[in-house]
Structures are given as C-alpha cells and as structure tokens.
Amino acid sequence: MGTTSSQDFSTLNQPNIINYHKVILFPLPFQGHMNSMLQLAQILHSQGFSVTVLHIRYNPPRPSDHPGFDFHPVDVPSPVAELEAVEGDTMALISLLNVTCVVPFRESLENLMGESSDGGDHVACLITDICWHFTQAIADEVGIPRMVLRTTSIGSISAFSAVSRLQKNGLLPLPESQIEEVIPEVAPLRWKDLPIVPTRNPKDFFRLLADIDRATKACAGLISNSFEELEEVKLAESRRSIPIPFFLIGPFHKRFPSSSTPVAGKLLQDQSCIAWLDKQSPKSTIYVSFGSIASIDERDFLEIVRGLANSGVPFLWVVRPGSVRGHEWLVTLPPGLLEGKGHIVKWAPQREVLAHPSVGAFWTHNGWNSTTEAICEGVPMLSSPMFGDQRVNARHVSDVWRVGIHLEGLLGRDEIANGIGRLMGDSSSSKEREEMMKRVMDLKMKVDGCLKPGGSSYKSLQKLTCYLFSSCQPEKL
Ligand code: UDX
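Remember, predicted model here, so these are calculated numbers, not experimental data. (Residues numbered from 1 in each chain as written. Predicted model: local features only at pLDDT ≥ 70, side-chain atom pairs only at ≥ 80, totals over all residues. Heavy atoms only, no water.)

## Let's talk about the sheet that holds strand S8 (residues 285–289)
Then comes step 1: As summarised here, the arrangement of the 6 strands in space is S10-S9-S8-S11-S12-S13, forming an open sheet in which the pairing is parallel. Strand pairing shows two members of the sheet lacking a second neighbour, strand S10 (342–345) and strand S13 (404–406), which therefore form its edges. Adjacent strand axes in the sheet meet at a mean angle of 15 degrees, parallel and antiparallel pairs treated alike. (Pairing = 2+ DSSP bridges. Helix = DSSP H or I, 4+ residues; strand = E, 2+ residues; numbered from the N terminus. Axes fitted to C-alpha atoms, helices over the stretch in contact; angles between N-to-C directions.)

Following this line, the structure appears as structure tokens:
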C-alpha cells in the first residue's frame, strides 16, 4: 500500500469517489472493554472518521466525556434485574446479551444506515468488540462490513482457540494433578494458564467461545491493542488460523496523555500517592494493584500484608473498596504491622505511578492494560493472575518476554516476600534483576519505536485507515 494518511484524505470530496467517513462502534459494557473501544474511537476520529457509538444501557458510557462522538442507546428488552442476576458471572452475562440484543441492535443499525443513505456520512464499517458474535449475521444482512476489536493480547486469542479445541477433544477439565504440565501445542502455557473463566454453566462458556471464533473468522478484520514486535510468533500463528486482516495498532494508551486514563466507576485517583512516592529513593518501591475487577478473600489479603511487611520493601498498594470479599475496604490489622512501611490508596493514577522514578517493580494481576503500561515504562513485574487472559499474559511475562516473575500457586507470605526480593534485586538476585531490566528496557524502546513514523503500529494504523476509507476492500491492503 505504502501511502500516508494525508494522501488518502486527498480523495475526500472529489466527485465520483465514495468516501466512507463514518464508523459505527459497539463496545462490550465492561470497563476494560469500553475504555479500549473509546480509545479506538478517539484514534479513528483523529484519522478523519466520524464516530457513532451504539451502546446498551447497562454500564453505559458518559457521552459528556466524548463530545466529538454520537451516542445511540440500543434498547435491550431484558430488565436490568435480569442482567444483574448474572452480574458477577461475566460469561453468563455475555451469552445472555448476545441473545437479547439481536432485535434492538438490528433496528438501531438499520436506522443509522437509513440516515446515512439520506445524505449523512457513508458508513465505512461496523466495529464491535470481538465478544459480540451475533452482530456478524446482522452486518451481513444489512450489508456493511464488520471488524472486531480484541482488547487484549494476540496470545490470548490462540489460547482461547486452544481451549475450544481441547474441550472438543474431550481433554477438559484436566485432573488437578496435571495442571502444572506444559501444553505442547501452546507452550509455554501450562494447563493452569488456560483462559478458562469460572461460570455457572461451563457448556455455555464453550459454546460462546465457538460462536466468537466462527464470527471472527467471517469478519472483515481484527484490530488489536498490541504491537507486532511484542507478539510476532503469536501473530503469525493467529494469522494462519484466522485468515483475515490483522491490524496491531497498540498500545492505545501511549497515544494519549496519562491524565486521560479512565477512572473505575466513581473512584477518584488519589494523588497523595505521588507525594508519598516523591519521598522514596529511586527504584526502591513496589507498586501493587490487581486492576479494576479482581477481588480476593480475607486470607489472601492477610498473606499479602505479611508478605509485603516481611519483604522490607516500601510499597504503594491499591485496595479498591469492596475488593476484599466481605469487607467494605481494608481488613482490620494488628497495630504496627504496616505502619511506616508503605502507603495504601483506593485508586491510583497508575500510569503516573509506573513512570515515577521511585517505582522499581509492579506486582500485578496482568490485565492487558496493566501489562502494557508496565512494559511502556520499563517496569518489571511480579505476576498473580486471577482469571481469563491474565493467566496467558502472566506466562508471557515470565517465560516469553522474561520481564517478570510468576508467583505460582496460592498466595503465601514467604513466596511473596521471596518473589519481591528477587524482583527488586536483593543481594542474591541482583544479576537476575539486571537481566530482567535489560529485557524490559529493550521492549520499552520497541514500543517507543512502533508508534513513530515508519514503526509497525504507525504503519498498521495507516493501513487500517485506508482499508476503512474504502469500506474494507481487500485490494486496499
Ligand atoms: C480486565 C480483565 O480482567 C483483564 O483480564 C483484561 O485483560 C482487561 O480487562 P482490568 O482489571 O480492568 O482487567 O485490568 P487492566 O486491563 O490491567 O486495566 C486496569 C486499568 O485501570 C489500567 O489502565 C490501569 O492504569 C487503571 N488503573 C488501575 C488505575 O488507573 N488506577 C488503579 O489504581 C488501578
């Protein structure tokens, strides 16, 4: 292709050339998915597209935060109570929504297409979260191409496909005794790393994966919040098994200032932690956060407390209200256990924290955003994945990119203190840290390069822009 976006825009408003100016986006109503889709909206807007966001009324976006976009609610007939009944069982909720949204979504899409043929912008494409599999059939009926957004790693795409295959071959669930073994076809993933999400009806989960797989293979392309240099091998593998165009244009967040990182619900970023970090020595502190969804029980909380205290390393710890099951916020601790050893907040300005000179390591659940944010700041990780793709990301951190240490198994105070010591480069592991730091700094440089003119994500976005302006004509690739 080899053209630049500015050359592509030169055909705008020329007679007899149809330019497809509008994209219709349909995010999944969960914070991580919604944030990524809205970041994609912003990226496409900056490339000259007008953006319409279709959304359901469950966890809706705030239109006032995005005055440049049009927002249209899709009126799902299910009462909110029905949706809330499956809340907490994400897979059941996604399966339910893929059924209840069919009729209202078709109606909304047809209305928007009608507006477009009445003189509005031509619709280039429908871009939905990969999990909205039902939308492929509707896009086909209505006659517009559909692309999907994968908000997490390319590695997790092949891991989810592996789950489907293994289940079809009768190999799941695997006996507890074998979960530490590596699965040869997706090495270095072990059985325990498979992105299986606990749900009340596992059969529905496997059906959902199969439906997503089928609809993805039929779509016009996949947009990913990853970058090629990070996932070359997985990208080649996924391209072979899903023969559609792939556009890796991430990491999305690097295209925006850190102050624009979204907040979790009503939680405000507690800036006191930056003043606290200012008082710590360079690279002396570990930042601890398990993201916006994961919760732990009281036992885990107490093991974390003891592990942090015993490590002797200063810590900044995010504990979201309600994230310790059965407690409003913190569990009451014996006096003196943590005093003077660290700082606890309800929500932190994470990107600023990771970029702070006092932060030497990140103990994380390896949600995709946290993982890429750490890589972008050159911070090595201690991994405690909780569920789903986090397990795949964590294994890549420790065994593929080798920029962190995996805390295998149940959280235990001794393992935690040892892991933190190794990661921070205590006397017996300073070489290990040095090598990890070299590798993570190398990845950081690759990220910086991929977004610059000529870099992989930069070029991929140019290709995507051309492809969309042609309404997904394969010859434009
Ligand atoms: C969810 C899923 O659990 C995960 O598997 C998937 O990869 C992404 O969506 P989530 O808990 O939202 O994960 O984690 P993550 O993707 O890491 O996103 C958390 C975001 O919240 C990050 O952008 C992070 O910077 C931000 N954050 C987190 C803060 O701004 N402050 C905090 O205190 C904690």
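From this point on, the discussion continues.
## Overview of the layout of surface pockets
Then comes step 1: In this structure, the second largest pocket spans a volume of roughly 290 Å³.
Then comes step 2: Within the residue set of the lining of the second largest pocket, elements represented by two or more residues are helix H9 (232–241), helix H14 (389–400) and helix H16 (430–450).
Then comes step 3: Residue composition of the lining of the second largest pocket, grouped by class: 8 nonpolar, 1 polar and 9 charged.
Then comes step 4: For the lining of the second largest pocket, the two domains that each supply at least three residues are domain 1 (6–250 + 451–476) and domain 2 (272–448). (1 Å grid on protein atoms, 1.4 Å probe; cavity = no way out; pocket = protein on both sides within 12 Å on 5 of 7 lines; lining within 4 Å. Points joined across faces, edges and corners; volume = space filled by probe spheres on them. Nonpolar A, V, L, I, M, F, W, Y, C, P; charged D, E, K, R; others polar. Domains from an automatic or database assignment.)

## Considering helix H6 (residues 135–142)
Then comes step 1: For H6, the set of buried residues is Thr135, Gln136, Ile138 and Ala139. Projected down its long axis, H6 shows its buried positions confined to an angular sector of 165 degrees, all on one face. Facing away from the buried side of H6, by more than 90 degrees, are the exposed residues Asp140 and Glu141.
Then comes step 2: The elements touched by buried residues of H6 are strand S1 (22–26), helix H5 (102–117), strand S4 (123–129), strand S5 (146–150) and helix H8 (202–217).
Then comes step 3: Once H6 ends, the next one or two residues include glycine 143, with phi positive near 90 degrees. (Buried < 20%, exposed > 50% of the residue type's maximum accessible area, 1.4 Å probe, protein only. Arc of directions from axis to C-beta. Contact = heavy atoms within 4.5 Å.)

## Regarding the sheet that holds strand S3 (residues 70–74)
Then comes step 1: As summarised here, the arrangement of the 7 strands in space is S3-S2-S1-S4-S5-S6-S7, forming an open sheet in which the pairing is parallel. At either end of the open sheet lies a strand with only one pairing partner, and these are S3 and strand S7 (246–248). Here the strands of the sheet are splayed against their neighbours by 25 degrees on average, with no regard to which way each runs.
Then comes step 2: With 5 bridges connecting them, strand S2 (residues 50–56) and S3 associate as parallel partners. Within S3, the residue paired with leucine 54 across the bridge is histidine 72.
Then comes step 3: Taken strand by strand, helix H2 (residues 31–46) contacts S1, S2, S3, S4, S5 and strand S6 (222–224), and its axis lies near 160 degrees from that of S4.

## What about the pattern of salt bridges?
Then comes step 1: If you walk through the whole model with that rule in mind, you get 23 salt bridges.
Then comes step 2: With its nearest N and O atoms 2.9 Å apart, the salt bridge here joins glutamate 180 to arginine 190. Of this pair, glutamate 180 sits in the loop between helix H7 (154–168) and H8 while arginine 190 is found in the loop between H7 and H8, placing the two residues 10 residues apart along the sequence.
Then comes step 3: Salt bridges sharing partners connect three or more residues here, namely Glu180, Arg190, Lys192, Asp193, Arg395, Asp399 and Glu408. (Salt bridge = Lys/Arg side-chain N within 4 Å of Asp/Glu carboxyl O.)

## Things to note about the domain arrangement of the chain
Then comes step 1: If you check the domain split of the chain, you get domain 1 (6–250 + 451–476) and domain 2 (272–448).
Then comes step 2: Relative placement of domain 1 and domain 2: their C-alpha centres are 30 Å apart.
Then comes step 3: At the junction of the two partners, domain 1 supplies 28 residues and domain 2 supplies 22 residues.
Then comes step 4: Summing the contributions of domain 1 and of domain 2, the shared interface buries around 2000 Å²; its carbon and sulfur component is 59%.
Then comes step 5: Broken down residue by residue, the surface that domain 1 buries against domain 2 is led by Pro188, Phe227 and Leu230, which jointly contribute 24%. (Buried area = accessible area lost by both parts, 1.4 Å probe.)

## Observations concerning the pairing of S8
A regular strand places its side chains so that they alternate between the two faces of the sheet.
Then comes step 1: With 5 of 5 residues buried, S8 is to be regarded as a mostly interior element.
Then comes step 2: Residues of S8 alternate between two faces, with Thr285, Tyr287 and Ser289 on one and Ile286 and Val288 on the opposite face, all of them buried.
Then comes step 3: As paired elements, S8 and strand S11 (residues 359–364) share 5 bridges and run parallel to each other. What sits directly across from valine 288, in S11, is tryptophan 363.

## A few points about the site of the ligand
Then comes step 1: Among the 19 residues in the neighbourhood of the ligand, the closest are listed as Ser292, Ala348, Ser370, Glu373 and Asp389.
Then comes step 2: Within the contact set of the ligand, an oxygen atom lies 2.6 Å away from a side-chain nitrogen or oxygen of glutamate 373.
Then comes step 3: About the coverage of the ligand: the protein hides 94% of its 670 Å² of free accessible area.
Then comes step 4: Among the secondary structure elements, those contributing two or more residues to the shell around the ligand are S8, helix H13 (368–377) and H14.
Then comes step 5: Take the shell around the ligand: its biggest share by element is 4 residues, from H13. (Near = heavy atom within 4 Å. Polar contact = N/O pair within 3.5 Å; in protein donor to acceptor, adjacent residues only side chain to side chain. Areas by Shrake-Rupley, 256 points an atom, 1.4 Å probe, with all protein chains shown as cover.)

## Focus: the packing of aromatic side chains
How two aromatic rings sit relative to each other is set out by the distance from centre to centre and by the angle between their planes.
Then comes step 1: All told, the structure shown has 13 aromatic pairs when counted by the stated rule.
Then comes step 2: Both rings, one in phenylalanine 26 and one in phenylalanine 134, keep their centres 6.4 Å apart while their planes meet at 90 degrees; by these two values the pair is edge-to-face. With phenylalanine 26 in strand S1 and phenylalanine 134 in the loop between S4 and H6, this residue pair connects regions lying 108 residues apart in the sequence.
Then comes step 3: Assessed through its relative accessible area of 8%, phenylalanine 134 is described here as buried.
Then comes step 4: Ring geometry for phenylalanine 290 and tryptophan 363: centres 5.5 Å apart, planes at 90 degrees, overall edge-to-face. (Phe/Tyr/Trp six-rings, centres within 6.5 Å; stacked < 30°, edge-to-face > 60°.)

## Notes on empty space enclosed by the protein
Then comes step 1: On inspection of all chains with the given rule, the structure shows 1 cavity of 30 Å³ or more.
Then comes step 2: Looking at the largest cavity, its volume works out to about 110 Å³.
Then comes step 3: Every residue lining the largest cavity is listed: Phe290, Gly291, Ala294, Ser295, Ile296, Phe301, Trp317, Val318, Val319, Arg320, Ser323 and Val324.
Then comes step 4: Looking at the lining of the largest cavity residue by residue, the class counts come to 8 nonpolar, 3 polar and 1 charged.

## As for H16
Then comes step 1: Helix length check: H16, at 21 residues, gives a terminal C-alpha distance of 30 Å against a target of 30 Å (1.5 Å per residue), a fit within 8%.
Then comes step 2: Those residues of H16 that sit buried are Arg433, Met436, Met437, Val440, Leu443, Val447 and Cys450. Taken around the axis of H16, the buried residues stretch over an arc of 145 degrees, which confines them to a single face. Along H16, exposed side chains directed more than 90 degrees from the buried face belong to Lys431, Lys438 and Met445.
Then comes step 3: Where the residues of H16 are buried, they touch S11, H13, S13, helix H15 (413–424) and helix H17 (456–469). (Expected span 1.5 Å × (residues − 1).)

## Notes on unusual backbone geometry
Then comes step 1: Cis rather than trans, the peptide bond between leucine 172 and proline 173 has omega equal to -5 degrees.
Then comes step 2: Inspection of the secondary structure puts proline 173 in the loop between H7 and H8.
Then comes step 3: Looking along the chain, the bond that leaves alanine 187 and enters proline 188 is cis, with omega of 5 degrees.
Then comes step 4: Its place among the elements puts proline 188 in the loop between H7 and H8.
Then comes step 5: Of note, lysine 283 is a non-glycine position whose phi angle comes to about 55 degrees, a positive value.
Then comes step 6: Within the secondary structure, lysine 283 is located in the loop between helix H10 (272–278) and S8.
Then comes step 7: Judged by its relative accessible area of 42%, lysine 283 is partly exposed.
Then comes step 8: Positioned with a positive phi, cysteine 472 is a non-glycine residue whose angle comes to about 65 degrees.

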